[in-house]
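Breakdown of the fold
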Amino acid sequence: MIKIKEAVIVEGKYDKIKLSNILDAFIIETNGFQIYKDKARKDFIKHLADEQGIIVLTDSDHSGFQLRNYISMGIPKDKIKHLYIPDVYGKEKRKAEPSKEGKIGVEGIDDQILIKLFENANVEFIEAENKELLTNYDLFAAGISGGLNSKEKRKRLLKKLNLPEFLSTNSLLTYLNSFVSKKDFFELADTL
């Protein structure tokens, strides 16, 4: 598994699932063109770019390039990297028919091609730490998920960390494991 510093921006959940199998990184979905209406998500991507840098990996079709250009607006060139998948024609396994342009997207590209893209890119690799990772149970124990008032407590935590409300519990967990120690998390959770 490749551990990188930068956050990775992809189009959809299947792209995120695919990359999660080969990357140890914070991965954010644009939800396709929904990002045009989602100012909070766009602002969060800008925040991530400032904080740690971002890598944009979209499909190689017209829509992917359109999203890539939109995401890039307003982000300094030294805070954003672009990775491009090669044009491979065919269809993803989960789809009944190929895309309009007939190209396979991020979710359908071979793992080895994706690994090579990241290895050949100028990304910031991180040594694997012997850090105790937070789990879903830790979020439950801290009252952030699965409890009576957990939704409100999670909102307060997101606000305190300057994170958008749309972050799912799993995305929050990934973020916390990237930036917060277990000890610091529980100390923070006690203040909510």
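Just above, that's the structure.
Residues numbered from 1 in each chain as written. Predicted model: local features only at pLDDT ≥ 70, side-chain atom pairs only at ≥ 80, totals over all residues. Heavy atoms only, no water.

Observations concerning the overall build of the chain
To be explicit about the condition: Secondary structure elements follow DSSP: runs of H or I of four or more residues count as helices, runs of E of two or more count as strands, with numbering from the N terminus. Burial status follows relative accessibility: with a 1.4 Å probe on protein chains alone, a residue under 20% of its type maximum counts as buried, one over 50% as exposed, and anything between as partly exposed. In what follows, a contact means two residues having at least one pair of non-hydrogen atoms within 4.5 Å. Throughout, the Shrake-Rupley method with a 1.4 Å probe supplies accessible areas, and for residues the shown protein chains are the sole cover considered. We count Lys and Arg on the positive side and Asp and Glu on the negative side, and we leave His and both chain ends out. All charge positions are set by atom: Lys at NZ, Arg at CZ, Asp at CG, Glu at CD.
Across its full length, the chain carries 8 helices and 6 strands. Each helix (α) and strand (β) of the chain, taken in turn from the N terminus, gives the series β-β-α-β-β-α-β-α-β-α-α-α-α-α. When burial is assessed residue by residue, the chain has 45% of its 192 residues classed as buried. Residue pairs at least 24 apart in sequence account for 61% of intrachain contacts in the chain once pairs closer than 6 positions are excluded. Just so you have it, the chain exposes about 10700 Å², and 50% of that area is on carbon and sulfur atoms. Distance between charge centres in the chain, computed from 31 positive and 30 negative side chains, equals 5 Å.

Comments concerning the side chain of R154
Applicable threshold: Salt bridges are counted wherever a side-chain nitrogen of Lys or Arg sits within 4 Å of a carboxyl oxygen of Asp or Glu.
By the secondary structure assignment, R154 is in helix α6 (residues 150-160). Although R154 is buried, it forms no salt bridge, and the closest oppositely charged side chain is E152 at an N-O distance of 8.4 Å. The residues touching R154, leaving out its near neighbours within four places in the chain, are I144, S145, T169 and L172.

Considerations on the pairing of strand β6 (residues 80-84)
Rules: Pairing between strands is defined by DSSP: at least two bridges between the two strands are required. Looking down the strands as they point away from you, a crossover is right-handed if its path from the first strand over the helix to the second goes clockwise.
Here strand β5 (residues 54-58) runs beside β6; their pairing, made up of 5 bridges, is parallel. Counterpart to L57 in the pairing with β6 is L83. For the crossover that starts at β5, traverses helix α3 (residues 62-72) and ends in the parallel β6, the hand is right-handed.

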